[in-house]
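Coordinate inspection notes
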Amino acid sequence: MNQVGLVGRFTKDPVLRYLSGNRVQTHFSLAINRNFKNSHGEVDTDFIFCTVWGRLAEHIVKYCGKGSLIGANGRIQTRSFVNEENTKIFMTEVVVEDVRFYQLKQRDSDEASIVTPPPPNEQEDLKDFVLP
């Protein structure tokens, strides 16, 4: 079984990306405090890379800003790619499938929330969404 649950805060405002085939995606890092203190008496923080697709990605970008606290459920996925220096990079990320909004913070800037303009009919689907 590949299932993960996280509760953490956004490290920066998420950005919505429009891809080919009318697919939308966002990715972000969640800062998650560990449940114990290190040898110096401090709480360490892990930064978990997350990816979200579709309408859920749109809702996250619309309602969450840097510092927002969410609960995310999904699965762990690994992938690799070759960077500009011709080095193979391996990545582990959480593909988020469900989100709970616990404490929302305003976005720093609404202008940075979209990388490419949305297709004309996509905004109609958002009218029925109610924030839990």
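Under an unreviewed UniProt entry, the protein has the name Single-stranded DNA-binding protein and belongs to Lysinibacillus fusiformis. The UniProt entry for the protein carries the following text under Subunit (unreviewed entry): "Homotetramer."

Observations regarding the packing of aromatic side chains
Tallied over the full model, the rule gives one aromatic pair. Ring geometry for F10 and F28: centres 4.5 Å apart, planes at 45 degrees, overall tilted. Note that F10 is positioned in strand β1 (residues 4-10) and F28 in strand β3 (residues 23-37), a separation of 18 residues in sequence. Both residues of the pair, F10 and F28, belong to the buried class.

Details of unusual backbone geometry
Most peptide bonds are trans, and most residues other than glycine sit at a negative phi. Non-glycine residue N22 carries a positive phi angle of around 60 degrees. Within the secondary structure, N22 is located in the loop between β2 (15-19) and β3. N22 sits in the exposed class, given a relative accessible area of 54%. The backbone of N86 sits at a positive phi, close to 65 degrees, despite the residue not being glycine.

Quick word on the pattern of salt bridges
Overall, the coordinates contain four salt bridges when judged by the stated rule. Between R34 and D44 there is a salt bridge, and its shortest N-O distance comes to 3.9 Å. Of the two residues, R34 sits in strand β3 while D44 sits in strand β4 (residues 43-53), which places them 10 residues apart along the sequence. Between R79 and E93 there is a salt bridge, with its nearest N and O atoms 2.8 Å apart. Of the two residues, R79 sits in strand β5 (residues 69-82) while E93 sits in strand β6 (residues 88-103), which places them 14 residues apart along the sequence. Residue R79 is classed as partly exposed on the basis of its relative accessible area of 37%.

What counts, and at which threshold
Residues numbered from 1 in each chain as written. Predicted model: local features only at pLDDT ≥ 70, side-chain atom pairs only at ≥ 80, totals over all residues. Heavy atoms only, no water. UniProt positions renumbered as here; feature names shortened; annotations may be inferred. Phe/Tyr/Trp six-rings, centres within 6.5 Å; stacked < 30°, edge-to-face > 60°. Helix = DSSP H or I, 4+ residues; strand = E, 2+ residues; numbered from the N terminus. Buried < 20%, exposed > 50% of the residue type's maximum accessible area, 1.4 Å probe, protein only. Salt bridge = Lys/Arg side-chain N within 4 Å of Asp/Glu carboxyl O.

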